[in-house]
Every structure is written in C-alpha cells, then in structure tokens.
Protein chains: 2
Amino acid sequence: MRIVLIGSGNVATHLGQALLQAGHSIIQVYSRTAVHAAELAGQLGAKAISDLKNIDCSADWFILSIKDDALPSLIEQLPIVKGMVTHTAGSVPMTILKSFPHHGVFYPFQTFSKATAVDFKTIPLLVEGNAEQTTDTLLRLAREISGKAQLASSAQRGQLHIAAVFACNFVNHMYALADDLLKNHHLPFDLLIPLIKETAGKMENISPQLSQTGPASRNDQQIINKHIQMLEDQPQHQELYKTLTNSILDKLNW
Amino acid sequence: MRIVLIGSGNVATHLGQALLQAGHSIIQVYSRTAVHAAELAGQLGAKAISDLKNIDCSADWFILSIKDDALPSLIEQLPIVKGMVTHTAGSVPMTILKSFPHHGVFYPFQTFSKATAVDFKTIPLLVEGNAEQTTDTLLRLAREISGKAQLASSAQRGQLHIAAVFACNFVNHMYALADDLLKNHHLPFDLLIPLIKETAGKMENISPQLSQTGPASRNDQQIINKHIQMLEDQPQHQELYKTLTNSILDKLNW
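Residues numbered from 1 in each chain as written. Chains lettered and ligands numbered in written order. Predicted model: local features only at pLDDT ≥ 70, side-chain atom pairs only at ≥ 80, totals over all residues. Heavy atoms only, no water.

## Overview of the overall build of chain A
So, point 1. Scanning chain A for helices and strands turns up eight helices and eight strands.
So, point 2. Dimensions along the principal axes, computed over C-alpha positions, put chain A at roughly 70 × 40 × 30 Å.
So, point 3. With 254 residues in all, chain A has 56% of them scored as buried.
So, point 4. Long-range pairs, those at least 24 residues apart, make up 51% of the contacts in chain A with a sequence separation of at least 6.
So, point 5. On chain A, roughly 10800 Å² of surface is accessible, and the fraction owed to carbon and sulfur atoms is 51%. (Helix = DSSP H or I, 4+ residues; strand = E, 2+ residues; numbered from the N terminus. Buried < 20%, exposed > 50% of the residue type's maximum accessible area, 1.4 Å probe, protein only. Contact = heavy atoms within 4.5 Å. Areas by Shrake-Rupley, 256 points an atom, 1.4 Å probe, with all protein chains shown as cover.)

Spelled out as structure tokens, the structure:
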C-alpha cells in the first residue's frame, strides 16, 4: 500500500515504522510543523509536507494520527479522496470520517513514548470499517503488524479507552503518590520497582479479583486505621487512602 | 546459622528456601497447624513442630513470619532465647520484640504467592536491629540472599508499607475496575496486558511524575466529561473516575 501519514507524534512514528517493516510505502508525512514532518519523513523514506494542499490524493491509505481535538478541523480541510481514511483515536467515533467513501479506525491499544522501542506484534490493534470490504482490508493490514488484531465497535473502543485510564493513567498516579510518600521519608523510589513489576506481572496468570492483597482485602481495620493516622500530615494522600480502601471493601463485600 | 522458622505462609516459605540455598540450616518449622508445619519442614529438611514448648532454644536465629495480629500472643508464649529474634512485618515496630536481648526486623519488600517462584536477589530486604552487632549481623545475612539489602527504621518501614498499598494494592484495584468495564462490554481483560506491562516497565527508566499520560494529565475536559457521561450506569466507577482525575489535575497544578 502507498500510505500518507498525517501526524508525526508517538503513534504516527511507531505505526509508520511497523507498516514500513511490513513492506508498505510511506509516501508522505504531514505535520503543521515542517521540522517535525521532515524528521519523521526522513526516518521513513517519505516526502515531508506541511501544507495539506500538497497531499498526494492518489494514495491508498491516509492515516490520521493527531490530537483528538485537532481532528475535526483537519478533516474539513482534507480533500475527498478515494483511498481509505482512518484515524487512530480511542475515544473518537468512526462517524467523524463519514464524508469519505472508505473510512475506518485503526487503534493501537498501548501507551507510546518516542524514545522507547515498541514491539507491535504484541500490541492489540482494534479496527473498524464503514463497509465490509474496508473492515476486511483493515483487519488484514492489522494482522500484518500485530498478533493481536481484532474488530471493535466505536462503543467498545470508547470503553477500552476508559479501562485504559484506570489501568494505565490512574495506576501511574498511584506510583506517583507512592513516590511522594517515600520522598518525604528519604527513601528511594527504586525500592518499589520489584513490587510494581510483580503486581503487573501477575496479571498474565491470575485475574485482578483473585490477586487483590493488602489490608483492605482482608478488612484489617487495625492496619487501615494506623495508616490513616500516619497520613495525618498529608491530607490528600489520606483522603485517597480512605476512598480507595472503601472501594476495595465494597467490591469484596466486607 | 541454625534457624527456627515460626510460620509457614508465603513469606516463611520463600525466605526459608532462600536461607537454605545460602547455606544455612532450617532446623525447625513451627505452625499451629501440624500439617502446614510438616509440609514446609519437609521442603526445607527441618523438623516440624506445632507446640511452642518443643522449640529448640539453642538456635541462632528465630524468624517470626506470621500474621501481624497474631504476633503479640505468640511473642508472649515464646521462651526468652539467647539467639536473635526477628519478625518480617512492614507495619509492626521492632519494639514489640524488646523482651529478647537480640532482636530486630527482617522485612522482604515484595508481594509473595506460594505458587510463584521468587528471585530473592532482586527483592529489597530492609533490616533493623536493637544493637549495632545485631544490625550488622542482620545486614550481612540480608546481603547473602538479596542484592538490595539496606537498613530501615521502624518509621521508614511503616511509610514503605503505605507506599506499597498505593503501588501494589490500589494498583491491583485499578486493574480490577478496568476488568469490570471490559466485562460489561464483552471485551477480554487480556487486551490490557501490554498496556499494564508497559506502564509498570516505564518505572525502571522514568519517574512517575514524568510518565503521567492521559486526559487528566493534559486537562482534556472534553474527553473527561465524555468518560464521566459514559460511566453514568456505573456510579461507583464514575465517582472514582472523578476523584482520581481531580487528584491528577491537582498534582499537576491545572
């Protein structure tokens, strides 16, 4: 396929590399910022463009990988092309692209950083197309780069995104709160790494319902009250400790 | 050293195995439940006892690895021995053992399951002794089995335990809440595994402050409101979503 990448961020970068490796051609990379377009285009052997007027309308596939709130205005400026047009966003419905005859979604379910190499084979890739043929094509393309390609409706993708907020963003916030507590007592964050890895690693073998441990899971009120008392001088941490402890107690019907 | 293990749970099991491998002798394993004592004693080449009267008072080291709330009554029943007496608990001060001339704490900072093999070399081992000689001995023993042995006061250990509640127990609860959301929409939990591993794996290279991503981290009110609306039929998840989103917004001074 001859592909135009619209966007030069983390997702565009990793997706472009994976599609190139799978034998496709990235013919153009667009970014509003010429330097960003040039940088990624250079890596992918593509032409950099920073004006949508220069877009190659003959491409087979246009991948829109920009910030959610920038999508509507970009879509308005895009010529009505014959190739497939897809976005890569979790919480944006497919219908935002309905003006294009062949459209869909190509959503890699992972958190990306530019600096960290990514093995696309292990990343779930969730696709949706506006018609059977588009869906089939997107699923076939997804299977070329990921071992975990599957269909997902816009509604399912939205729920997945919320689940990711809990399992990634809120989890990271828990790490940050733990780090605060250690810093206040001159202890290095490194001490937590083995525990963090083990807690995450367990999820490959056991459900989170069965792996819940800690004072709340056994309704150990003595320790819970002691912890709440020890957090007296950190009211925000104390409040969250109470809320999350109650949430675990509720969930386990204590 | 000739060691008596008091307790036969997850920590006693893994600690006993590590000390045996380091060349020490586990001479007795005590558990109130004779079968449990026999099972672990069999693994460690020790004698099983289920009556504290039969304890070998000539041992060099007595390791108490039982539930926190069972410690006081067990300590009362224990004869005043000359060897070192230590417990393995995060939230119990060392002074609970003050009736013994040589006492301290030997706290492995990890979550253990009996079924999962453990590499003690990578687990932080936090020690404290009632006198310099005891502290030195405990630190030397800790270094025999762990690459991450260090001193920690009772106060520091208490804070570490609270940090672990955030970084392990509350994190696991986030996984469980994410699982609920997926189940309600007929999506498998497996989809989250790569994201969970990446989120935890990042902590080896970057601080949790710098790795925070997601709608709250960029104050994306459009997505936040959409998510809150989508959680309308799951009020507990919705309430936590709001609380944790506000906590991230506060932390990042939005």
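## Overview of the nonpolar core
So, point 1. Counting 80 residues, the largest nonpolar core has Phe166(A), Tyr175(A), Leu192(A), Phe166(B), Tyr175(B) and Leu192(B) as the members making the most contacts within it.
So, point 2. If sequence neighbours within four positions are ignored, Phe166(B) has contacts with Met174(A), Leu177(A), Ala178(A), Leu181(A), His237(A), Leu240(A), Tyr241(A) and Val171(B). (Core = buried A, V, L, I, M, F, W, Y, C linked by side-chain atoms within 4.5 Å.)

## A short note on helix 5 (residues 154-184) of chain B
Residues and elements named next belong to chain B.
So, point 1. The end-to-end C-alpha distance of helix 5, which contains 31 residues, comes to 44 Å, matching closely the 45 Å that a straight helix rising 1.5 Å per residue would cover.
So, point 2. The buried fraction of helix 5 is high, at 26 of 31 residues.
So, point 3. Just downstream of helix 5 lies His 186, where phi reads positive at about 55°. (Expected span 1.5 Å × (residues − 1).)

## A few points about the pairing of strand 6 (residues 103-108) of chain A
All names here are of chain A.
So, point 1. Counting buried positions along strand 6 yields six of six residues, so the element is predominantly enclosed.
So, point 2. Covered by surrounding structure in strand 6 are His 103, Val 105 and Tyr 107 together with Gly 104, Phe 106 and Pro 108, the residues of both alternating faces.
So, point 3. Taken together, the three bridges between strand 5 (residues 84-87) and strand 6 define a ladder with parallel strand orientation. Bridging from a neighbouring strand, Val 85 pairs with His 103 of strand 6.
So, point 4. Note: strand 6 against strand 7 (residues 124-129), five bridges, orientation antiparallel. Paired with Tyr 107 across the strands is Leu 126, a residue of strand 7. (Pairing = 2+ DSSP bridges.)

## Points about the packing of aromatic side chains
So, point 1. What the rule picks out here adds up to 12 aromatic pairs over all chains.
So, point 2. Following the ring pairs from residue to residue traces out a cluster consisting of Phe166(A), Phe170(A) and Tyr241(B). (Phe/Tyr/Trp six-rings, centres within 6.5 Å; stacked < 30°, edge-to-face > 60°.)

## Comments concerning the packing of helix 5 (residues 154-184) of chain A against helix 5 of chain B
Helices that pack against each other are described as a pair by the angle of their axes relative to one another and the distance between those axes.
So, point 1. Packing of helix 5 of chain A against helix 5 of chain B brings their axes to within 9 Å, and their N-to-C directions diverge by 175°. With respect to helix 5 of chain B, the element helix 5 of chain A is oriented roughly antiparallel.
So, point 2. Across the contact of helix 5 of chain A with helix 5 of chain B, the residue classes tally to 26 nonpolar, two polar and no charged. (Axes fitted to C-alpha atoms, helices over the stretch in contact; angles between N-to-C directions. Parallel < 35°, antiparallel > 145°, perpendicular 65-115°, else oblique. Nonpolar A, V, L, I, M, F, W, Y, C, P; charged D, E, K, R; others polar.)

## Overview of the pairing of strand 7 (residues 124-129) of chain B
All names here are of chain B.
So, point 1. The element strand 7 is largely enclosed, with a buried count of six among its six residues.
So, point 2. Every second residue of strand 7 is oriented toward a common face, with Pro 124, Leu 126 and Glu 128 on one face and Leu 125, Val 127 and Gly 129 on the other, all of them buried.
So, point 3. Two elements, strand 7 and strand 8 (residues 148-151), share four bridges in a ladder whose sense is parallel. Looking at strand 8, one finds that Leu 125 is bridged to Ala 149.

## With respect to the relation of the copies chain B and chain A
So, point 1. Of the transformation placing chain B onto chain A, the axial shift is 0.0 Å and the rotation is 180°, giving an RMSD of 0.0 Å. Between the two chains, the operation in question is that of a two-fold axis. Across chain B, the smallest distance between a C-alpha and the rotation axis is recorded for Val171(B), namely 2.7 Å.
So, point 2. Of all interface residues in chain B, 100% are interface residues in chain A too; the two copies therefore contact each other through one and the same surface. (Least-squares fit on C-alpha atoms with pLDDT ≥ 70 in both.)

## Considering unusual backbone geometry
Generally, phi is negative for residues other than glycine and the peptide bonds are trans, each holding for most cases.
All names here are of chain B.
So, point 1. Backbone geometry places Asn 219, a non-glycine residue, at a positive phi of 50°.
So, point 2. Exposure remark for Asn 219: the relative accessible area of 26% places this residue in the partly exposed category.
So, point 3. Of note, Asn 253 is a non-glycine position whose phi angle comes to about 55°, a positive value.
So, point 4. Checked against the element boundaries, Asn 253 lands in the segment after helix 8 (235-251).

## Observations concerning the sheet that holds strand 8 of chain B
All names here are of chain B.
So, point 1. Read across the open sheet, the eight strands follow the order 3-2-1-4-5-6-7-8; overall the sheet is mixed. Of all strands in the sheet, those with a lone pairing partner are strand 3 (47-49) and strand 8, marking the two edges. For this sheet, the mean angle separating the axes of adjacent strands, direction not counted, is 25°.
So, point 2. Lying on the sheet, helix 4 (residues 132-145) is in contact with strand 4 (61-64), strand 5 (84-87), strand 6 (103-108), strand 7 and strand 8; it crosses strand 7 at an angle near 165°.

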